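The lines below spell out each chain.
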Amino acid sequence: MDENRLRIAMLSAHSCPVGDLGARDTGGMSVYIRELAHELGKQGHHVDVYTRAHDPADRQIVDLGQQARLIHLKAGEEEQIHKLAVYSYLPEFTCNLENFRKNNGLRYDIIFSHYWLSGWVGKYLQQWWQVPHVVMFHTLGAVKNAIGIGEDASELRIVTEREAVNDCQRVIVATEREKEELIRRYGAPPDKIGIVPCGVNMEIFQPVARMAARQKLGLTNGKILLFVGRIDPLKGVDQLLKAIPRLQDFKGLRMIIIGGDEYSRSEVERLRKLTGKLKIQDRVTFQGLIKQEQLPYFYSAADVCVVPSYYESFGLVALESLACGTPVVAADVGDLKNIIRQGETGYVVDGNTPQNLADGIALLLSRPPGDVDSALSIRDSINRYSWANIAEGVISELSLSTDRQMTPVA
Ligand code: UDP
């Protein structure tokens, strides 16, 4: 192995990192994998990301940039299936991955798996290849169940997560909080866990002058609140909707909700019904999926971006909003306490109760509207989260594992 160059097999078995973002199974983790793979390739590493083929129209190999590619492998029918159903195809996925590796004469220095399903695959490949396995769960089943909002994580998931924690060389988490949860709920040894935050694409996410952004989107004057994310009960959009009637002082206040695909239809319907009950249906727009390249217009057009989640493993959307110069009100989840400068670039409120969210939003809406300078200073506050920095942090963590004496596969 070249000391400074790693050959990395990245695993994202259930979720295609180039799928539409904001859909049921493609959110922050997909962004993380595609951005990180791209940046690691740029820095001279070789990255192959393996995922399950879910659409016959997809090419088997997709370029993710310099020395980084995505490889689709057959595992069950080539169609979208629920992530729990992917579990039964993992043996086929693992065998096809090994065949692809052998047929193409590939060797890897490390396996970096994402989410519990890929953790299962990584565990086997680690034994076959005798190379270290580093896992990143992105969300943890036991934590999700402790919160008790939305679909319960299965016992199978929790057992698989526990096995992956035991068998892998290292676990990477994005926050101190996630590290504590791994220790407390999974018995992970503290020195096996490395913390590297997530990043933001500072080139895509740039401030656009507010009025120009509004014009482009056909939005009128008046205060605008924005939510961006998968439409999932854990995201707490209901709490945010309940905050709106408490913001009567801001006449003409509008709320834009971005995210949600055909698989999120029932949750969108539940939220629509709630807007009716709260008599705010004419003030809330469900915008559906928006391509990331268009999101800077929405972030820049908004006065405040809100992250009302019950749980976040990090809080990417807050970073994107700040990169566009728009302040954020967020529940105290993920890494938001470190991302947001209290009273300066936004507010982190204690719980995601409608009153706490409304209080934080009111503080920001009462300020004079931000100008170009304030947008740029908000953006400057998160410079350290560029993918170039984050990729270096990830490489330090991966290298810690490759230092262990393991003989690469023949
Ligand atoms: N996203 C997007 N379009 C949408 C909704 C979300 O591009 O319509 C992106 C968003 O920019 C962010 C990611 O999806 O990078 C975050 O999704 P989410 O909040 O669902 O994160 P997760 O909960 O999966 O970590």
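Residues numbered from 1 in each chain as written. Predicted model: local features only at pLDDT ≥ 70, side-chain atom pairs only at ≥ 80, totals over all residues. Heavy atoms only, no water.

## What to know about the nonpolar core
Okay, so step 1: If you look at the biggest cluster of nonpolar residues, it comprises 107 residues, and the most contacted ones within it are Ile8, Met10, Tyr50, Phe112, Leu182, Ile339 and Leu398.
Okay, so step 2: Apart from the residues lying within four places of it in its own chain, the contact partners of phenylalanine 112 are Ile8, Ala9, Met10, Leu11, Tyr32, Leu36, Val134, Met136, Ile172, Val394 and Leu398.
Okay, so step 3: Formed by 29 residues, the second largest nonpolar core is a distinct cluster that contains Phe250, Met255, Val268 and Leu271. (Core = buried A, V, L, I, M, F, W, Y, C linked by side-chain atoms within 4.5 Å. Buried < 20%, exposed > 50% of the residue type's maximum accessible area, 1.4 Å probe, protein only. Contact = heavy atoms within 4.5 Å.)

## Considerations on the site of the ligand
Okay, so step 1: Surveying the vicinity of the ligand reveals 18 residues, the closest of which are Gly28, Arg230, Lys235, Ile290 and Glu320.
Okay, so step 2: For the ligand, an oxygen atom lies 2.4 Å from a polar atom in the side chain of glutamate 320.
Okay, so step 3: Calculation on the ligand without its partners gives an accessible area of 540 Å², and the protein chains cover 92% of this total.
Okay, so step 4: At the level of secondary structure, the elements contributing two or more residues to the shell around the ligand comprise helix H1 (28-42) and helix H12 (316-323). (Near = heavy atom within 4 Å. Polar contact = N/O pair within 3.5 Å; in protein donor to acceptor, adjacent residues only side chain to side chain. Areas by Shrake-Rupley, 256 points an atom, 1.4 Å probe, with all protein chains shown as cover. Helix = DSSP H or I, 4+ residues; strand = E, 2+ residues; numbered from the N terminus.)

## Some points on the environment of proline 354
Okay, so step 1: Mapped onto the fold, proline 354 is located in helix H14 (residues 354-365).
Okay, so step 2: Distance in space between the C-alpha atoms of proline 354 and lysine 144 is 21 Å, their sequence separation being 210 residues.

## Comments concerning the pattern of salt bridges
Okay, so step 1: A complete count under the given rule lists 20 salt bridges for this structure.
Okay, so step 2: Among the salt bridges present, the one from arginine 184 reaches glutamate 181, with a minimum N-O distance of 3.3 Å. Here arginine 184 and its partner glutamate 181 are both found in helix H7 (residues 176-186), 3 residues apart, which amounts to about one turn of the helix.
Okay, so step 3: Judged by relative accessible area, which is 60%, arginine 184 ranks as exposed.
Okay, so step 4: We classify glutamate 181 as buried; its relative accessible area is 14%.
Okay, so step 5: One salt bridge connects aspartate 303 with arginine 210, and the closest N-O pair in it is separated by 3.0 Å. Taken together, the residues span a long stretch of sequence, with aspartate 303 in the loop between helix H11 (295-301) and strand S12 (304-307) and arginine 210 in helix H8 (residues 210-217) at a distance of 93 residues. For the pair aspartate 303 and arginine 210, a shared accessibility class is recorded, and that class is buried. (Salt bridge = Lys/Arg side-chain N within 4 Å of Asp/Glu carboxyl O.)

## Section: the sheet that holds strand S9 (residues 224-228)
Okay, so step 1: With respect to topology, 6 strands assemble into an open sheet ordered S11-S10-S9-S12-S13-S14, the strand pairing being parallel. Strand pairing shows two members of the sheet lacking a second neighbour, strand S11 (284-288) and strand S14 (346-349), which therefore form its edges. Taken pair by pair, the neighbouring strands of this sheet meet at an average axis angle of 20°, ignoring direction.
Okay, so step 2: Lying on the sheet, H12 is in contact with S9, S12 and strand S13 (328-331); it crosses S12 at an angle near 170°.
Okay, so step 3: Those strands touched by H14 are S9, S12, S13 and S14, and its axis lies near 170° from that of S14. (Pairing = 2+ DSSP bridges. Axes fitted to C-alpha atoms, helices over the stretch in contact; angles between N-to-C directions.)

## Observations concerning the confidence of the model for the protein
Do not read the fine detail of predicted coordinates wherever pLDDT is low.
Okay, so step 1: This prediction gives the protein a mean pLDDT of 94; 97% of its residues lie at or above 70.
Okay, so step 2: With pLDDT under 50 throughout, residues 404-410 is counted as low confidence; its partners more than four residues away or in other chains account for 16 contacts. (pLDDT = per-residue confidence, 0-100.)

## A closer look at H7
Okay, so step 1: Three or more residues of H7 are buried, namely Glu178, Lys179, Glu181, Leu182 and Tyr186. For H7, the angular spread of buried residues about the axis comes to 160°, placing them on one side.
Okay, so step 2: Tucked into the core, H7 has its buried residues touching helix H5 (141-147), helix H6 (155-167), strand S7 (170-173) and strand S8 (193-195).
Okay, so step 3: Positioned one or two residues after H7, glycine 187 has a phi angle of 65°, which is positive. (Arc of directions from axis to C-beta.)

## Section: the packing of H1 against helix H16 (residues 387-402)
Okay, so step 1: At their nearest, the axes of H1 and H16 sit 9 Å apart, and the two run at 85° to each other. It follows that H1 is roughly perpendicular to H16 by the angle criterion. Across from Tyr32, Glu35, Leu36, Glu39 and Leu40 in H1, the residues of H16 making contact are Trp387, Ala388, Ala391, Val394 and Ile395.
Okay, so step 2: Residues of the contact of H1 with H16, tallied by class, amount to 8 nonpolar, no polar and 2 charged. (Parallel < 35°, antiparallel > 145°, perpendicular 65-115°, else oblique. Nonpolar A, V, L, I, M, F, W, Y, C, P; charged D, E, K, R; others polar.)

## Here's the deal with the pairing of S7
Okay, so step 1: Side chains Arg170 and Ile172 project from S7 onto one buried face, and the interleaved Val171 and Val173 project onto a second face that is buried too.
Okay, so step 2: Summarising the sheet, S7 and S8 pair through 3 bridges and their orientation is parallel. Its bridge partner lying in S8, valine 173 is registered against isoleucine 195.

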